[in-house]
Amino acid sequence: MAPFLHLSTAILIGFLSTAALGYPTLASAQEISIEGRIQEFQCGDNCYLTIVDNSAKKHTGLCTASACGPWNENVELPPHYIGKRVIVTLGRGVQTDAEGNVMGKMTAFRKIRFLDQP
């Protein structure tokens, strides 16, 4: 039994090493998206977007999509975006403090597709 455990450990280590190098893995092969409506946008050291999905569940993530660029820069979401239907593609983003120190990782909205014209 020991050789089997050793082999499976080696496979796991190889898989994790591949993921650490940025190569595609099973987990990254499929993008996860959520459909909902924009509820809120807040900025502190980072800017966050909150959407409410079709089941009334809130989802908050770092706003890293290209559409977020002007909002993040102005630290404000134009009011006409509130309530707009969107599909957001999830990823991981890095949170930083005001000095630029990495504080951790969390969900990020990497892409935003508007279903209503903004």
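See the structure shown above.
Here the structure is a predicted model, which is why all the values come from computation and not from measurement.

**Q** Help me understand the overall build of the protein chain in this model?
**A** Scanning the protein chain for helices and strands turns up three helices and five strands. When the helices and strands of the protein chain are listed from N to C terminus, the series reads α-α-β-β-β-α-β-β. When the 118 residues of the protein chain are sorted by exposure, 28% land in the buried category. Put simply, of all contacts in the protein chain between residues at least 6 apart along the chain, 54% involve residues at least 24 apart. Only carbon and sulfur atoms are counted for the fraction: they give 56% of the accessible area of the protein chain, which is about 8,000 Å².

**Q** How should I be thinking about the side chain of Asn46 in this particular structure?
**A** Secondary-structure assignment places Asn46 in the loop between strand S1 (33–43) and strand S2 (47–53). Judged by its relative accessible area of 13%, Asn46 falls in the buried class. In this structure the side chain of Asn46 is engaged in a polar contact, spanning 2.8 Å, whose partner is the backbone oxygen of Thr96. Contact partners of Asn46, with chain neighbours within four places excluded, come to Leu62, Val94, Gln95 and Thr96.

**Q** How do you make sense of the nonpolar core when you look at a structure like this?
**A** In a soluble, globular protein the nonpolar side chains are often hidden away together inside. Counting 16 residues, the largest nonpolar core has Leu49, Ile51, Trp71 and Ile112 as the members making the most contacts within it. Broken down by secondary-structure element, the contributors of at least two residues to this core are S1, S2, helix H3 (68–74), strand S4 (85–96) and strand S5 (102–114). Discounting chain neighbours no more than four positions away, the residues touching Ile112 are Leu49, Cys63, Ala65, Ala67, Cys68, Trp71, Val86, Ile87 and Val88.

Parameters and conventions
Residues numbered from 1 in each chain as written. Predicted model: local features only at pLDDT ≥ 70, side-chain atom pairs only at ≥ 80, totals over all residues. Heavy atoms only, no water. Helix = DSSP H or I, 4+ residues; strand = E, 2+ residues; numbered from the N terminus. Buried < 20%, exposed > 50% of the residue type's maximum accessible area, 1.4 Å probe, protein only. Contact = heavy atoms within 4.5 Å. Areas by Shrake-Rupley, 256 points an atom, 1.4 Å probe, with all protein chains shown as cover. Polar contact = N/O pair within 3.5 Å; in protein donor to acceptor, adjacent residues only side chain to side chain. Core = buried A, V, L, I, M, F, W, Y, C linked by side-chain atoms within 4.5 Å.

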